[in-house]
2 protein chains.
Amino acid sequence: MKKVKRTTIYDIAEKLGITASSVSRALNNSSQVNEKTKELIIKTADELNYKRNTLASNLRKGQSKTIGVVIPRINQNFFSNVIAGIEEITYQKGYNLIICQSDEDHDKEVQCVNTLINQHVDCIVISVSADGNDYQHLQNVLDHGIQLIQFDRVAEELETLKVINDNVQASYEAVSHLIEGGYKRIALLEGPQNLSIFKQRKEGYLKAFKAYNVPVIEELIVENAWTKELGALGTRKLLSLPQPPDAIFASTSDFSALGVLDVANAMGIKVPSELGICGYANESFSEITSPSITTIDQFSIYMGNTVANLFFQEIGNNDTTTKPKIISIKPELIIRGSTKRNG
Amino acid sequence: MKKVKRTTIYDIAEKLGITASSVSRALNNSSQVNEKTKELIIKTADELNYKRNTLASNLRKGQSKTIGVVIPRINQNFFSNVIAGIEEITYQKGYNLIICQSDEDHDKEVQCVNTLINQHVDCIVISVSADGNDYQHLQNVLDHGIQLIQFDRVAEELETLKVINDNVQASYEAVSHLIEGGYKRIALLEGPQNLSIFKQRKEGYLKAFKAYNVPVIEELIVENAWTKELGALGTRKLLSLPQPPDAIFASTSDFSALGVLDVANAMGIKVPSELGICGYANESFSEITSPSITTIDQFSIYMGNTVANLFFQEIGNNDTTTKPKIISIKPELIIRGSTKRNG
DNA sequence: CTGAAAGCGCTTACAG
DNA sequence: CTGAAAGCGCTTACAG
């Protein structure tokens, strides 16, 4: 590409025989500049194809009007929906989004966060990766006076703004639904327990058993079954038990639930009559499978909106004495074919 | 949030009784600085929790190490995959990604592009929105000496770097496959013809008819059927014809194909025996439907990789005499249940 | 209403 | 190997 000399406010000033100060003021629509010259300046800027250098402007103003987002994966429905939800709001306010993916890798996450600190972003929005539970890098964000908002997968011990789902309640409702549907041996596919969201989902599972006075069967709880493949693997193990489950709550994701469904289909086990299945996240495909999968909607876009609104609400709030806000969004159980026994 | 005074190179210099010049050199790992002082500087920087201000650095260097991406929707599989593919490469090179969504709205697209120009991004990567065919804003990008890479949905008349799919060939293969499968009346659900990709897909459709010497039936071509809803609507119209089609090529997307499948199921029409269905894009759900949907894989992640690599390859290439590169990725027909008549 | 000047935090050509 | 100085393009407190 050929290097193009960009028009600066000095070029405009020179052409008009005035100072850059006035040009700057006019371009910022300051009231303390003559209406006529303002018009002239704007017209000239347009003619010279002037574009403000945001870098310089932000450097001078000590802000960046940029929000950094760190998520495990961009190309996963839940996260891309949250981003879309964030963008919806930030765009209107003239803020930019810098996106980094951690790839579920703690080291890369640390690097992403550091890059964003260097960029002097005004806020970092993060959903932490599944590996590692060292949150020094997030503490570092706070130490630099950068706003930090965690969502979904949060480091609980860090006192920051948080936007989360009520995972306990959602899981409780899902399992209650299965119990009320007459399922007797309800298995749990759980996710990495270092992530609080997965701990909470297990908690909800156990809570439902307690509420209905049903004993928990330890052998029906499968660790670390949070991908389609691991979900399928866990299901095979479960179904080969002397007393196999008659329902499986794939608490980690619909992907995991899909693994369950695949195995059931392959083994000729009828869903929902012989095996009930409940997933999590309301991925778009969960509606399309046959039978469609009962799942939990997390209102991901709304969650993104909430994150962004929280940021703007907290801007300029210098009161550090109040405890950081935690906003909990109630997810919704979506009952579909995979658990409708008497449909 | 409390305002925190950040450590600058001057703070480090002062503490060490040297100049900022040396600090800067040390931090940039320049060879022309004493090894021992370099170590000391780095250690001190670390102690003071120094983070380079990338804004200032970039302003001085006249670059931003940032790439702007404008897509219609973040939360659409194809686009989020492309972004993931871009990020994979740019991340390694220390580049940041600023993401904007145009929401298929031309005005918002223009605004996004302008914001990115203001940000002094080094490159703008774009897949244009479906409405409007005025590309002045893209010309503007070039006029500012910013690299412009178009992908998938491109404005053909603009001479820029492009990464595209061979849509004609892919559609040709898809329709050929249907013809060879014995389907006689193959309908086309087409997308907005102001987007070249949809024109090309239609071209491939027509090309196949020609190659097999099959007459085109105009009434089987349905305009503007590029969402699930519009696909369903078009299908209802088609199936109520005196002579309905026995196959439908939803050239716009798998979403559209899904609409076809829904209608077929609702009307009790058997797929693939009574109606063949072929989609486009290999969305993750297309594998899961019953029957699974024959579709075309665009290698979206690879496409993202290609875009990023193209950028780095062209960096510093000052030769403006050569024509801008166009990289065409050959998509792959994925044959599944919805077209396997004798499976 | 307008100008002159300083400064945001860095980098780098120029001297020594 | 190190320093002094200029400058990237803006904004804004201070004068007038």
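Residues numbered from 1 in each chain as written. Chains lettered and ligands numbered in written order. Predicted model: local features only at pLDDT ≥ 70, side-chain atom pairs only at ≥ 80, totals over all residues. Heavy atoms only, no water.

### Some details on the protein's contact with DNA strand C
The local shell around DNA strand C holds 26 residues, among which Arg25 and Arg60 of chain A together with Ser24, Tyr50 and Arg60 of chain B are the closest. Of what DNA strand C places within 4 Å of the protein, 57% of the atoms are sugar or phosphate. One of the side-chain N or O atoms of Arg25 of chain A is found 2.4 Å from a base oxygen in DNA strand C. Contacts to DNA strand C include Asn28 of chain B, whose side-chain N or O atom sits 3.1 Å from a phosphate oxygen. At the level of secondary structure, the elements contributing two or more residues to the surface near DNA strand C comprise helix H2 (20-27) and helix H4 (54-61) of chain A together with helix H1 (9-16), helix H2 (20-27) and helix H4 (54-61) of chain B. In terms of residues, the surface near DNA strand C owes the most to one element, H4 of chain B, which gives four residues. (Near = heavy atom within 4 Å. Polar contact = N/O pair within 3.5 Å; in protein donor to acceptor, adjacent residues only side chain to side chain. Helix = DSSP H or I, 4+ residues; strand = E, 2+ residues; numbered from the N terminus.)

### Concerning the environment of Ala308 of chain B
All names here are of chain B. Tracing the chain through its elements places Ala308 in helix H12 (residues 300-314). Judged by its relative accessible area of 2%, Ala308 falls in the buried class. For the pair Ala308 and Asn49, spaced 259 residues apart in the sequence, the C-alpha separation amounts to 32 Å. Residues contacting Ala308, with those up to four places away along its chain left out, are Ile86, Ile89 and Thr90. (Buried < 20%, exposed > 50% of the residue type's maximum accessible area, 1.4 Å probe, protein only. Contact = heavy atoms within 4.5 Å.)

### Structural notes on helix H7 (residues 136-143) of chain B
Every α-helix winds through 3.6 residues per turn, so residues three or four apart in the chain are directed the same way. All names here are of chain B. All buried positions along H7 are accounted for by His137, Leu138, Asn140, Val141 and Leu142. Taken together, the buried residues of H7 touch helix H6 (106-118), strand S3 (123-126) and strand S4 (147-151). Gly145, located one to two residues past H7, shows a positive phi value of around 70°.

### Describing the protein's contact with DNA strand D
The full set close to DNA strand D counts 27 residues, and Ser24, Tyr50 and Arg60 of chain A together with Arg25 and Arg60 of chain B are the nearest of them. Within 4 Å of the protein, the contacting atoms of DNA strand D are drawn from sugar and phosphate to the extent of 59%. Contacts to DNA strand D include Asn28 of chain A, whose side-chain N or O atom sits 3.2 Å from a phosphate oxygen. Those elements that place two or more of their residues in the surface near DNA strand D are helix H1 (9-16), H2 and H4 of chain A together with H2 and H4 of chain B. Considering each element in turn, the surface near DNA strand D owes the most residues, four residues, to H4 of chain A.

### Quick notes on the relation of the copies chain A and chain B
Once turned by 180° and shifted 0.0 Å along the axis, chain A lies on chain B with an RMSD of 0.0 Å. What the superposition gives is, in effect, a two-fold axis relating one chain to the other. A share of 100% of interface residues in chain A that are also interface residues in chain B marks the association as one of identical surfaces. (Least-squares fit on C-alpha atoms with pLDDT ≥ 70 in both.)

### Focus: the packing of helix H6 (residues 106-118) of chain A against helix H7 (residues 136-143) of chain A
All names here are of chain A. At a minimum axis distance of 9 Å, the contact between H6 and H7 shows a crossing angle of 10°. With respect to H7, the element H6 is oriented roughly parallel. Residues His106, Glu109, Val110, Val113, Asn114 and Ile117 of H6 pack against His137, Leu138, Asn140 and Val141 of H7. Tallied by class, residues from the contact of H6 with H7 come to five nonpolar, four polar and one charged. (Axes fitted to C-alpha atoms, helices over the stretch in contact; angles between N-to-C directions. Parallel < 35°, antiparallel > 145°, perpendicular 65-115°, else oblique. Nonpolar A, V, L, I, M, F, W, Y, C, P; charged D, E, K, R; others polar.)

### Digging into the nonpolar core
One finds Val125, Ile149 and Phe151 of chain A together with Val125, Ile149 and Phe151 of chain B to be the most contacted residues of the largest nonpolar core, which totals 52 residues. If sequence neighbours within four positions are ignored, Ile149 of chain A has contacts with Cys123, Ile124, Val125, Ile126, Leu161, Val163, Val307, Leu310 and Phe311 of chain A. If you look at the next biggest cluster of nonpolar residues, it comprises 48 residues, including Leu138 of chain A together with Ile124, Leu142 and Ile197 of chain B. (Core = buried A, V, L, I, M, F, W, Y, C linked by side-chain atoms within 4.5 Å.)

### Observations concerning empty space enclosed by the protein
Per the counting criterion, the structure on display carries one cavity of 30 Å³ or more. Taken as a whole, the largest cavity holds about 130 Å³ of empty space. In this structure, the largest cavity is lined by 14 residues; those nearest its centre are Leu55, Thr66 and Gln119 of chain A together with Leu55 and Gln119 of chain B. At the level of secondary structure, the elements contributing two or more residues to the lining of the largest cavity comprise H4 of chain A together with H4 of chain B. Examining the composition of the lining of the largest cavity, we find that three residues originate from one element, H4 of chain A, more than from any other. The residue inventory of the lining of the largest cavity, partitioned by class, reads five nonpolar, nine polar and no charged. (1 Å grid on protein atoms, 1.4 Å probe; cavity = no way out; pocket = protein on both sides within 12 Å on 5 of 7 lines; lining within 4 Å. Points joined across faces, edges and corners; volume = space filled by probe spheres on them.)

### Quick look at the sheet that holds strand S9 (residues 276-278) of chain B
Residues and elements named next belong to chain B. The four strands lie next to each other as S7-S6-S8-S9, forming an open sheet whose pairing is parallel. Each edge of the sheet is formed by a strand with only one pairing partner; in this case those strands are strand S7 (221-222) and S9. Bridge count between strand S6 (residues 186-189) and S7: two bridges; the pairing is parallel. Bridge pairing in S7 links Leu189 to Val222. Helix H10 (residues 228-239) rests against S6, S7 and strand S8 (247-250) of the sheet, and its axis sits at about 150° to S6. (Pairing = 2+ DSSP bridges.)

### A closer look at the interface of chain A and chain B
Between chain A and chain B, the contact holds 52 residues from the first and 52 residues from the second. Contact between chain A and chain B buries roughly 5,500 Å² in total, counting both sides, with carbon and sulfur atoms accounting for 53%. There are two salt bridges connecting chain A and chain B. Residue Lys108 of chain B is joined to Glu87 of chain A by a salt bridge in which the shortest nitrogen-to-oxygen separation is 3.2 Å. Where chain A touches chain B, the interface holds 29 residue pairs in polar contact (both at pLDDT 80 or more). Breaking the side of chain A that touches chain B down by element, the ones donating at least two residues are H4, helix H5 (77-92), strand S2 (96-101), H6 and H7 of chain A. Sort the elements by how many residues they give to the side of chain A that touches chain B and H6 of chain A lands first, with seven residues. (Buried area = accessible area lost by both parts, 1.4 Å probe. Salt bridge = Lys/Arg side-chain N within 4 Å of Asp/Glu carboxyl O.)

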